[in-house]
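# Inside the fold
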Amino acid sequence: MRLPIVAGNWKLNGSRESVSSLAREITATPVADVEVIVCPVALHLSDVAAVVENTGVKLGAQNASAAESGAYTGEVSSTMLAEYGCTHVIIGHSERRSLFGDTEAACAQRHQAVLAAGLTPIFCVGESLEEREAGTTVDVVGRQLQAAFDLVGSDAFSNAVIAYEPVWAIGTGKTATPEQAQEIHEAIRGMVAANDAEAAQAVRILYGGSVNAGNADELFAKPDIDGGLIGGAALKSADFLAICQAAARQCKTA
Ligand code: 13P
């Protein structure tokens with residue numbers, strides 16, 4: 001059985017005070033049988049780290065530099081993130097890819113740097129609406145994963161998490177149906193298996209895109225969906241905790 005993961009991507013939200021109280025509310029209700037991760041902006045990491053320390057809730061960053069150090073203005077390295085207690089880093093989120101020019105090659109380099117620092121990347125893949133309508137979803141996702149395999153090698157996802165986030169489902173309230181998500185998750189596991197059969201069985205593949213307390217159960221009930229990467233609903237502790245409980249419930253019986 002794969003231990004499910006529910007990760008909250010807080011994106012560019014909150015103040016020092018509000019993220020600390022959100023973290024306090026989340027840690028106040030421990031959820032068994034699920035790995036819970038919260039990902040605030042880099043500047044809020046130390047405040048949130050102080051709250052989640054020794055609670056079982058893990059800390060993730062939303063991005064990391066491909067470089068370890070040097071003349072890279074505005075970047076933050078994985079080693080620096082580790083110093084603040086991060087165990088996970090979101091890499092290649094579609095907002096990074098579409099708004100900030102993170103190419104497939106750049107995402108692969110960031111992924112490699114996170115692994116080199118001993119942290120766990122949460123590597124995001126997903127297609128746009130046009131790509132889905134053109135029937136190219138599996139090709140697009142395959143290309144995004146392949147960039148990491150090409151750079152890192154066949155074990156690129158042995159110590160990583162994958163998040164499938166269809167771009168058209170992010171922040172739109174339009175979630176993929178459990179069947180649509182399962183189809184792509186199964187294809188992703190197959191792509192990992194083509195490189196490393198053992199890693200494919202172990203890798204957690206999260207679904208992201210308008211997951212909420214009302215639709216989490218049916219998504220997590222699918223055999224290849226091992227939890228979720230949550231945006232909007234992660235900003236309300238009651239909703240986020242309900243999603244964590246859905247993951248614990250559904251993935252246990254999978
Ligand atoms: P929403 O849950 O707000 O759709 O965002 C999903 C996401 O982008 C998580 O990384």
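Since the model is a prediction, treat every value here as computed from it, not as a measurement.

Within the element layout of this structure, Ser210 appears in the loop between strand E7 (205-208) and helix H10 (216-220). Only 2.7 Å separates the side chain of Ser210 from the backbone oxygen of Ala169, close enough to count as a polar contact. Apart from residues lying up to four places away in sequence, Ser210 is in contact with Ala169, Gly171, Thr172, Gly173, Lys174, Thr175 and Asn215.

In the structure shown here, the tally under the stated rule is 14 salt bridges. We note a salt bridge from Glu35 to Lys58, for which the minimum N-O separation is 3.0 Å. On the criterion of sequence distance, the pair formed by Glu35 in strand E2 (residues 35-39) and Lys58 in strand E3 (residues 58-61) is long-range, its members being 23 residues apart. Where Arg132 meets Glu127, a salt bridge forms, and the shortest distance between an N and an O atom there is 2.7 Å. Accessibility assignment for this pair places Arg132 and Glu127 in one class, buried.

What follows deals with the site of the ligand. Taken together, 13 residues sit near the ligand, with Lys11, His93, Gly171, Ser210 and Gly232 positioned nearest. One of the side-chain N or O atoms of Asn9 is found 3.0 Å from an oxygen atom in the ligand. In the environment of the ligand, an oxygen atom lies 2.8 Å from a nitrogen or oxygen atom belonging to the backbone of Gly232. Burial of the ligand by the protein chains amounts to 94% of its free accessible area of 310 Å². A class-by-class count of the residues in the shell around the ligand yields 4 nonpolar, 7 polar and 2 charged.

Within strand E1 (residues 5-9), 5 of the 5 residues are buried, which leaves the element mostly enclosed by the surrounding structure. The side-chain alternation of E1 yields two buried faces, one formed by Ile5, Ala7 and Asn9 and the other by Val6 and Gly8. Taken together, the 5 bridges between E1 and E2 define a ladder with parallel strand orientation. Following the sheet pairing, Asn9 is matched in E2 by Cys39. At this point the chain moves from E1, through helix H1 (residues 16-27), to the parallel E2, and the crossover so formed is right-handed. For E1 and strand E8 (residues 227-230), the ladder comprises 4 bridges, and the chain directions are parallel. In the strand pairing of E8, Gly8 is matched with Ile230.

Our focus in this paragraph is unusual backbone geometry. Of note, the phi angle at Asp33 is positive, near 65°, even though the residue is not glycine. Mapped onto the secondary structure, Asp33 falls in the loop between H1 and E2. Even without being a glycine, Asn54 presents a positive backbone phi close to 60°. Following the sequence through the fold, Asn54 ends up in the loop between helix H2 (45-52) and E3. On the accessibility criterion, Asn54 (78% relative accessible area) is exposed.

Looking now at the packing of H1 against H2. Running from N to C, H1 and H2 cross one another at 25°; their axes reach a closest spacing of 9 Å. Our classification of the angle between H1 and H2 gives roughly parallel. The two elements H1 and H2 meet at a crossing, and its hand is right-handed. Every residue of H2 that contacts H1 at Arg16, Val19, Ser20, Ala23, Arg24 and Thr27 is listed here: Asp47, Val48, Val51 and Val52. Looking at side-chain class alone, the contact of H1 with H2 contains 5 nonpolar, 2 polar and 3 charged residues.

Each value, and the rule that gives it
Residues numbered from 1 in each chain as written. Predicted model: local features only at pLDDT ≥ 70, side-chain atom pairs only at ≥ 80, totals over all residues. Heavy atoms only, no water. Helix = DSSP H or I, 4+ residues; strand = E, 2+ residues; numbered from the N terminus. Polar contact = N/O pair within 3.5 Å; in protein donor to acceptor, adjacent residues only side chain to side chain. Contact = heavy atoms within 4.5 Å. Salt bridge = Lys/Arg side-chain N within 4 Å of Asp/Glu carboxyl O. Buried < 20%, exposed > 50% of the residue type's maximum accessible area, 1.4 Å probe, protein only. Near = heavy atom within 4 Å. Areas by Shrake-Rupley, 256 points an atom, 1.4 Å probe, with all protein chains shown as cover. Nonpolar A, V, L, I, M, F, W, Y, C, P; charged D, E, K, R; others polar. Pairing = 2+ DSSP bridges. Right-handed = clockwise from strand over helix to strand, strands pointing away. Axes fitted to C-alpha atoms, helices over the stretch in contact; angles between N-to-C directions. Parallel < 35°, antiparallel > 145°, perpendicular 65-115°, else oblique. Left-handed = near helix turned anticlockwise from the far one by under 90°.

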